[in-house]
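This is what each chain is made of:
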Amino acid sequence: MPDAGMRELTFAQAIREALAEEMRRDPRVCILGEDVAEAGTPFKVLSGLVEEFGTDRVVDTPISEAGFTGVAVGAAMTGLRPVVDIMFGDFLTLTMDQMVNQAAKIHYMSGGKWKVPMVLRTTLGATRRSAAQHSQSLHAWFAHVPGLKVAIPATPYDAKGLLKTAIRDENPVIFFEDKMMHHKLKGNVPAAEFTIPLGVADVKREGTDITLVATSSMVQVALGAAVLLEGAGISAEVVDPRTLWPLDEKTLIDSAKKTSRAIVIDEGYGRYGVTAELASVISQGAFFDLDGPVVRMGAMHIPIPFSPPLEDLTVPTEKSVFETARKMCAKA
Amino acid sequence: MPDAGMRELTFAQAIREALAEEMRRDPRVCILGEDVAEAGTPFKVLSGLVEEFGTDRVVDTPISEAGFTGVAVGAAMTGLRPVVDIMFGDFLTLTMDQMVNQAAKIHYMSGGKWKVPMVLRTTLGATRRSAAQHSQSLHAWFAHVPGLKVAIPATPYDAKGLLKTAIRDENPVIFFEDKMMHHKLKGNVPAAEFTIPLGVADVKREGTDITLVATSSMVQVALGAAVLLEGAGISAEVVDPRTLWPLDEKTLIDSAKKTSRAIVIDEGYGRYGVTAELASVISQGAFFDLDGPVVRMGAMHIPIPFSPPLEDLTVPTEKSVFETARKMCAKA
Amino acid sequence: MTTAAGASAKTIATLQDRSIQFYRQMVRIRLFEEQVNDLYTRALMPGLAHLYSGEEAIAVGVCGALHQDDYITSTHRGHGHCLAKGASPKLMFAELLGKADGYCHGKGGSMHIADPATGNLGANAIVGGSMGIATGAAFSARRLGNGRVAVCFFGEGALGQGLLYEVMNLAQLWKLPVLYVCENNLYNEYTHFSETTAGDICARPAAFGIHAETVDGQDVHAVYAAAQRLVDRARSGGGPAFLLCNTYRYTGHHVGDINREYYRTRQEEQTWKTERDPIRLLGDRLIAEGLADRGLLEGMEVEIRAEMKAAVEFAMESPYPAAGEVEKHVYA
Amino acid sequence: MTTAAGASAKTIATLQDRSIQFYRQMVRIRLFEEQVNDLYTRALMPGLAHLYSGEEAIAVGVCGALHQDDYITSTHRGHGHCLAKGASPKLMFAELLGKADGYCHGKGGSMHIADPATGNLGANAIVGGSMGIATGAAFSARRLGNGRVAVCFFGEGALGQGLLYEVMNLAQLWKLPVLYVCENNLYNEYTHFSETTAGDICARPAAFGIHAETVDGQDVHAVYAAAQRLVDRARSGGGPAFLLCNTYRYTGHHVGDINREYYRTRQEEQTWKTERDPIRLLGDRLIAEGLADRGLLEGMEVEIRAEMKAAVEFAMESPYPAAGEVEKHVYA
Ligand SMILES: Cc1ncc(C[n+]2csc(CCOP(=O)(O)OP(=O)(O)O)c2C)c(N)n1
Ligand SMILES: Cc1ncc(C[n+]2csc(CCOP(=O)(O)OP(=O)(O)O)c2C)c(N)n1
Ligand SMILES: [Mg+2]
Ligand SMILES: [Mg+2]
C-alpha cells in the first residue's frame, strides 16, 4: 500500500464503514429492514453493526416493505435519520407510494415546513441467476421523480463517500448498490474521514477519442472496454455521473464535446430509462460537437431470464461496448 | 355533420362506448375499481355501464388498489378480461408490484405458458388544482417496463379505437386518459365499429418546418401552437405516437428528417421520462438531418403545486411551445 | 355529563370549561366548513373540498386529549383535525385559496395542510397514505423518549389499504405510542362501507393484539374520555390502540357531490342531522345541566362566524405566491 | 388413522391407497430436494434453491384435496407444491438448470415454475406476490361457474404483506372459492416469526369474517382432512377459508445458508427431524396399522430415488435454450 492512509476495501465493507461512522457521529441514524440485525442482511453487508449499535438502532422488520418504509418517512420527519434497507431493488415496487407520493413530496407540499431526511439503500443488477423478480435495475423511476435524489456509486470509494453525504442530506435519497459488486469489487478507500458531494460526476479514466458514460455496474464494464479499445488504438474517456439526480450535466457534456463521440451505458432497461436521459442531455448540450448520434446501451427490453446463457445476453459487456465503440470510431 | 356515420363524442363518451361495445362482444370483459358501478367513477366516465351489464361485470371494490389489481392479474390468467380502473394515476404507486413484478413478467417467466390479457385504465395530467398527489403523469414508468404496453390517446377517436384494441390484446396494457379531456374534449368518432392498432403513430397535422411530437394532453397544445406558428409563417407538423410501447419510431424519425427540427412535448416530468426517450430516438434516427438538438418540453421537475398561478407554470402551453419553436426556426 | 353529579365545585368548573371549549371548537369547525362551502359554491375556491361537518366531535374529542407537541396525521377530509389541533383559520383559508400566507404557501391546498407548530404532520390525499407516517412519528417518540404520542386519523374506507395492517403489526411488535382513529362515516365516496368492509372492524386491530374500542363519534365527551384513556396508555408505554368512531358526514363526498339520492336517502341524512348532531347534543346537555345558557351558545356562534368571515377576508386579500416560489422547497 | 377402525373393507382400501399415495408423494418431494441440494453443492445449479424438506405434508395434504384443474399459487419454496400438484420432476429439474426442456424453457428457474396443465399459476419470488393472483383465479372460477377452487400457499413471513389483508377482504366480500394456506415454518429467512408477527395468526383472517383453522403441518392426514373440508366448502359457495399449518424447514433458508446457529439451535432442528418428520410419522403409522410394511416403504424410496436421478440426468442432458429464445415470450 503506497499511501499509509489507504486501505483496500470491498464495496460492502465501504458501505458498512460509512454506516458505522455515521451512526457513531449521529445518534439519530438508525437502520430498518428485513434481516438487517443478526443476519447482517442476506448479502452480509451490515454484518457487525448490530453488535456495535444494538437492536434499537439496527432494527429487524417484518416483511412489510411499504410499512417500514412509511415508518421511516414519519421517523425522518420527527427527529430520526433512518436508513431503510430494501433487499432487492425489485421490491421497491412495494414502496412506491411511500417514496413517491409521501417522502418525495412532503417538503414541497408543506411549503418547506417538514423535511424527510432519510436514505433508502437497495440493490440493482442482473447476472446473478436470480430471474425476473430479483434482477431489475429500477433507478430510472426514482430519478424521474422530483423531490428524490438518486445515488448510484460504482466503486468502494464512491460508495462510502456518497453514502455518508446521503445520510447527512436533508432529503430522501435512494442509494443503489450493484449486488455483484458487494464482495467482488475492491478498491482503495482512505482511512480518514471524507465525503463526496451529490451531483458531481467523476472521470474514471481520461481519453480523447470517445466518451463512455457509465453507471454503477457498467463502470467496470466501460473501464474494461477502454482497455480493449486502447489495444485497438482508441483512447476512451470513462465518465461516471455517480448520482442521477442531481445530475452533473456539465461534466458529461464537456467530455462529449472533447471526444465528439459518446456511448451511455447503464444496466437498467434502455427504453424510457437512464440511457435516454443521459443521451438526451449530451445530445442537447454537445450537439454541434458530435460526430454522430449518442449511442445507448442498456439491458435488453425483456424480463430478465433465469437461464445463464440467456441472462448473459441481456446486459452490456466489455466486448459489446468495445465493439460498439470501435465501430463508432471507425466511421469517423 | 357531413358524414352520416360520424358523431361528435366527448373523450369520456368514446371511452364508455369502447367499453360497452367490448363488453357486449365478449362476456369475459369485466370492470373492477372504486365507485365504478352506480357512481360511474368520480369522473363519470362509466355512467350507465352497470345498468347494462350488472354488478357482476361492473364491480365496485374497496379502496385496495394493490388488491384488486392483483385480483385482475389472476382473473386475466384464468379466463376473464378485466379492465381495472385506477382513479388517479398517482395511485398507480400502489399497484406497481402487481403490474411490474407480476402482470408484466408472467408470460415471459412461464416461458409463454400463461397470459395476462388485462387493461388498466387510469388518468394523468395537472392543472386541475388537485395538488401533488393527484396530478402526476407517471406513464414513463410503465413504458420503461418490458412486458407492458402503454397507450396514451389524445382524441376521442383514438381513445375508442385504442381501448378496443387494448381489451382484445393478450397482454397487460396500461391506458392513460387525461382527466381534463374527459368532458372538455370533443371529436368525431365513427358510429361503425373500428379499432386502431397499438404502435402506429398518427400525424395529427402535416407541416414542413418543424416537428412537434406530442402525447395525450399535449397534442391539443401542440395543435394550438401550430396554429400560432402558422401565423408566424412557420409550418409545424404534429405527430402523436399514440402508444409509448410499442413505439412507432419510424414515423417520428421520418417527420424529423423531413422538417429537420423537432420538439417533444409530454405532460410527465421531463427528467428520465418520455421526452428523454422520444428525443433520443429521434436524435439517433435523424441525427444527420437535424439542424439542431431535439428540444424537450415536459412538466417542471417539481411536485405539482396547488396554487393555480403556480400550477399553471408547470406544464407546457401553446404559448411556450410556440415560442420555443419560433426560436428554433429563427436560428436556422 | 352525568359524571358531574356530586363532584366538587372545582371538578364541575373544569368540566364546564372543557365542555365549553369542546363546544367552541366544534362550532369553529362547523362554521369554517360553512365558509368553505360558500367559497366553493361561489367558485372562489379552486380544487376540491371535502367537508368535515357532522364529524366534529371526533377531531375535537381526540385532539382534546393531546398535548400541543403530540403528532397527528390527517386526511383529505382534514380541516377539522387541523383546527382541533390548534391551526389558525386565517392561514388555513389562505392555504385553501392557494395564497402566499397559507400554511404551505399555497403549495399544498385543502388536502395537504401541515403545521409543525401544532404537531400536524400533514393531511394526505392518498387514502391510507399517512398510516406509515403516524406510526413512524411514534417510532421516533419512543426512540427519543420524548413522551409524545401520534394519532392517525383515517376514514373507514382506508381499512381497505394493506398498509394499515403492516403498520399495526409493527406498532404492536414495537409497542409504539400511536392511536389509530377510524372515522366511520358510513361511506367510501359513493359506496356504503358495508359493500367494502368484510367482518368486524375492531377485530382487525385486535387480531394484531392491538387494544380496540368503539365509541359514539357524535358524543364529544365519550370520544374525549376514550381518547384520553388510550393516549395516556400509549404515553406510558402501553402500546398502540385503535378507536373506532361511528359518525356521519352531512354533505357530499366533496362539495360538488350534490345529487346523492342514488347512494343514500335524504331521510338518512335528515335523521343524523336532527337526532345525532354532535353540536346540538352537547349544547342541549350543557343547557340541561345548567353549564351554559342558550344565549351564551348563540353568542359564541355569532362571534365565531365573525372570526371565520374575517379569516376568509384575510385569505382573499392575501397575494398569490410569486412565480419564483414554484421551484422552491423541492429540496430542503 | 384411528378413524379406520371399524370401517368397511372398501374404506380401508381407499384409505390405504390414499395413505400410500401420500407417502409416495412426500418421499418424492424429499428426494427431489435431495437432488437439488446435491446439484447445488456440486455447483451444478445456478441461482438460489429454497428446499421444502420437512414441510412435505402440507403440499401433499392440501393438493390431495384438489382436482387437477383447481388452481394453486406457490412461493420461492415451491418445489413441493409443484410436485404435489402433479408436475414432472424431469421438466422441473430442467427448469432448475435453466434448460430448454424446463417448464418455462429455462426462463423462470426454481422460483417461477408454472404449469397450466396442473393448474399451477406459478411460483413467485415476491413474498406475498401471488395472493392477488390466487384470489383472482377464484374470482374467475366464481364468475365462470366452473366449480374450480384456488389455493394460495405462502409462508408465515408473508403475513407481513398488506396485500394479504386487501385480498382477504375482497375474497370474503365476494365469497370467492379460495383457500389461503399459511405454512408456518417458524422463520422468515433468518428471523424467528415471533419477532415479526404480532397477535394471533388465525385472528387475522377471522377479523375479515374468514373461517380459519390450525392444523399440524407434519400430519398429512390432518392436513388433508382440513383441506378437503375447506375446499369442499369453498367449492359449494361457502366462501374463502384460511388454513394455518405448523411446520418446520429442515435446512437453511436456501441451500447456501449453512451456519444457522446464530438464529436457531441444532437441537431444535434435530428434534423436529427425529420427532416430527412427516414421512416418518406416516410410515410408522402405516406399519403400525398394518397398511404397509417397512420393505414396501423402503422399496418405494429406492424406486423414487432412481426416478429422481434419472430426472436429473434428463435435465443435465437437456440443451440450454437457443440464444434466439431470449426475446421470445415478452409479449403474447
Ligand atoms: C389510494 C387512494 N385511492 C382512492 C382515492 C380516492 N378517494 C378519495 S377519498 C375516497 C373515499 C375515502 O373514504 P373514507 O376513507 O371512508 O373517508 P371519508 O371520505 O369518508 O372521510 C376515495 C376512494 C384516494 N384519494 N387515494
Ligand atoms: C417482497 C419481498 N420481500 C423480501 C423478500 C426476500 N425474502 C425471500 S424469502 C423471505 C422469507 C420468507 O419467509 P416465509 O414467508 O416465512 O417463507 P419461508 O421461506 O419460511 O418458506 C424473504 C424475506 C422477497 N422475496 N420478497
Ligand atoms: Mg368514510
Ligand atoms: Mg417461514
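This text follows the structure it describes.
(A) Main features of the coordination of the magnesium ion (ligand 4). All names here are of chain D. Protein coordination of the magnesium ion (ligand 4) is provided by Glu156 (OE), Glu156 (OE), Asn185 (OD1) and Tyr187 (O), with donor distances spanning 2.1 to 2.6 Å. Bound by six donor atoms, the magnesium ion (ligand 4) shows angles of 53 to 169° at the metal and therefore irregular coordination geometry. Between consecutive donors of the magnesium ion (ligand 4), the numbers of intervening residues give the motif E-x28-N-x1-Y. Here Asn185 lies in the loop between strand 3 (178–184) and strand 4 (187–188) and Glu156 lies in the loop between strand 2 (150–155) and helix 6 (163–173), a separation of 29 residues in the sequence.

(B) Region of the structure containing the site of ligand 1. Around ligand 1, a shell composed of 22 residues is seen, among which Glu65(B), His76(C), Arg77(C), Ala125(C) and Asn185(C) lie nearest. Ligand 1 sits at a junction of chains, with neighbouring residues supplied by chains B and C. Between Glu65(B) and ligand 1, the recorded distance is 2.6 Å, taken from a side-chain N or O atom to a nitrogen atom. Between an oxygen atom of ligand 1 and a main-chain N or O atom of Tyr187(C), the distance comes to 2.9 Å. Protein contact buries 97% of the 580 Å² of open area that ligand 1 shows by itself.

(C) Region of interest: the pattern of salt bridges. Under the definition given, this model contains 98 salt bridges over all chains. The closest approach of N and O atoms between Arg260(C) and Glu269(C), which form a salt bridge, is 2.6 Å. Both residues of the pair, Arg260(C) and Glu269(C), belong to the buried class. Between Arg285(D) and Asp219(D) there is a salt bridge, with the nearest N and O atoms lying 2.9 Å from each other. Of this pair, Arg285(D) sits in helix 10 (residues 278–288) while Asp219(D) sits in the loop between strand 6 (211–216) and helix 8 (220–235), and the two are 66 residues apart along the sequence.

(D) Local environment of the coordination of the magnesium ion (ligand 3). Around the magnesium ion (ligand 3), the protein contributes the donor atoms Glu156(C) (OE), Glu156(C) (OE), Asn185(C) (OD1) and Tyr187(C) (O), which lie 2.1 to 2.6 Å from the metal centre. Linear spacing of the donor residues for the magnesium ion (ligand 3) on their chain is E-x28-N-x1-Y.

(E) Summary view of the sheet that holds strand 9 (residues 202–205) of chain A. All names here are of chain A. Strand order in the open sheet made by the five strands is 9-11-10-13-14, with mixed pairing throughout. Pairing within the sheet leaves two strands with one partner each, and these edge strands are strand 9 and strand 14 (295–299). Going across the sheet, the axis of each strand differs from the next one's by a mean of 25°, ignoring polarity. In the sheet, strand 10 (residues 210–214) pairs with strand 13 (residues 262–269) via four bridges, with the strands oriented parallel. Bridging from a neighbouring strand, Leu212 pairs with Ile263 of strand 13. The strands touched by helix 10 (residues 274–286) within the sheet are strand 10, strand 13 and strand 14, with strand 13 carrying the most contacts at an inclination of about 160°.

(F) Main features of the interface of chain B and chain A. Contacts between the two partners involve 54 residues from chain B, matched on the other side by 54 residues from chain A. Seen at the junction of chain B and chain A, the total is six salt bridges. There are 32 residue pairs in polar contact (both at pLDDT 80 or more) connecting chain B and chain A. Breaking the side of chain B that touches chain A down by element, the ones donating at least two residues are helix 4 (96–109), helix 5 (139–143), strand 12 (243–245), helix 10 (274–286) and strand 14 (295–299) of chain B. Classifying every residue of the side of chain B that touches chain A by side-chain character gives 32 nonpolar, 14 polar and eight charged.

(G) Region of interest: unusual backbone geometry. All names here are of chain A. Note that the residue after Trp245, namely Pro246, is joined by a cis bond; omega there is 0°. You can see Pro246 is positioned in the loop between strand 12 (243–245) and helix 9 (249–259). Of note, Ala131 is a non-glycine position whose phi angle comes to about 70°, a positive value. Take Ala131: it is sitting in the loop between strand 5 (119–124) and helix 5 (139–143). Located in the positive-phi region is Ser216, a residue other than glycine, with phi close to 45°.

(H) Quick peek at the packing of helix 9 (residues 249–259) of chain B against helix 10 of chain B. All names here are of chain B. For the pair helix 9 and helix 10, interaxial distance at closest approach is 9 Å and the crossing angle is 60°. Judged on the interaxial angle alone, helix 10 and helix 9 are oblique. Seen from above, helix 9 lies across helix 10 with right-handed handedness. Contacts from Glu249, Leu252, Ile253, Ala256 and Lys257 in helix 9 reach Leu278, Val281, Ile282, Gly285 and Ala286 in helix 10. Taken together, the residues that form the contact of helix 9 with helix 10 break down as seven nonpolar, one polar and two charged.

(I) Structural detail: the site of ligand 2. Ligand 2 sits among 22 residues. The nearest are Glu65(A), His76(D), Arg77(D), Ala125(D) and Asn185(D). The residues that come close to ligand 2 belong to more than one chain, namely chains A and D. Within the backbone of Val127(D), one N or O atom sits 3.0 Å away from a nitrogen atom of ligand 2. One nitrogen or oxygen atom from the side chain of Glu156(D) is found 2.9 Å from an oxygen atom belonging to ligand 2. Against a free-state accessible area of 580 Å², the protein chains account for coverage of 98% of ligand 2. Of the residues assigned to the shell around ligand 2, the class counts are nine nonpolar, eight polar and five charged.

(J) Fine view of the relation of the copies chain B and chain A. It takes a turn of 180° to lay chain B on chain A, together with a shift of 0.0 Å along the axis; the resulting RMSD is 0.0 Å. Between the two chains, the operation in question is that of a two-fold axis.

(K) Quick peek at the interface of chain A and chain C. At the junction of the two partners, chain A supplies 45 residues and chain C supplies 39 residues. Of the roughly 3300 Å² buried where chain A meets chain C, counting both sides, 64% is carbon and sulfur surface. The tally of links from chain A across to chain C stands at one salt bridge. Measuring nitrogen to oxygen at the nearest pair gives 3.9 Å for the salt bridge that ties Arg142(C) to Asp56(A).

(L) Local environment of the environment of Asp216(D). Residues and elements named next belong to chain D. As for its placement among the helices and strands, Asp216 is situated in strand 6. On the basis of relative accessibility, which here comes to 29%, the residue Asp216 falls in the partly exposed class. Separated by 60 residues in the primary sequence, Asp216 and Arg276 place their C-alpha atoms 9.8 Å from one another. Setting aside its immediate chain neighbours within four residues, Asp216 contacts Ala222, Val223, Asn246 and Arg276. Within the local environment of Asp216, its side chain forms a polar contact with the backbone nitrogen of Gln218, the two atoms lying 2.8 Å apart. Within the structure, the side chain of Asp216 is placed 2.6 Å from the side chain of Arg276, a separation counted as a polar contact.

Reading the values: the criteria
Residues numbered from 1 in each chain as written. Chains lettered and ligands numbered in written order. Predicted model: local features only at pLDDT ≥ 70, side-chain atom pairs only at ≥ 80, totals over all residues. Heavy atoms only, no water. Donors = N, O, S within 2.8 Å, 3.2 Å for Na, K, Ca; no water. Tetrahedral: all angles 85-135°; square planar, octahedral: opposite > 155°, others 65-115°. Helix = DSSP H or I, 4+ residues; strand = E, 2+ residues; numbered from the N terminus. Near = heavy atom within 4 Å. Polar contact = N/O pair within 3.5 Å; in protein donor to acceptor, adjacent residues only side chain to side chain. Areas by Shrake-Rupley, 256 points an atom, 1.4 Å probe, with all protein chains shown as cover. Salt bridge = Lys/Arg side-chain N within 4 Å of Asp/Glu carboxyl O. Buried < 20%, exposed > 50% of the residue type's maximum accessible area, 1.4 Å probe, protein only. Pairing = 2+ DSSP bridges. Axes fitted to C-alpha atoms, helices over the stretch in contact; angles between N-to-C directions. Contact = heavy atoms within 4.5 Å. Nonpolar A, V, L, I, M, F, W, Y, C, P; charged D, E, K, R; others polar. Parallel < 35°, antiparallel > 145°, perpendicular 65-115°, else oblique. Left-handed = near helix turned anticlockwise from the far one by under 90°. Least-squares fit on C-alpha atoms with pLDDT ≥ 70 in both. Buried area = accessible area lost by both parts, 1.4 Å probe.

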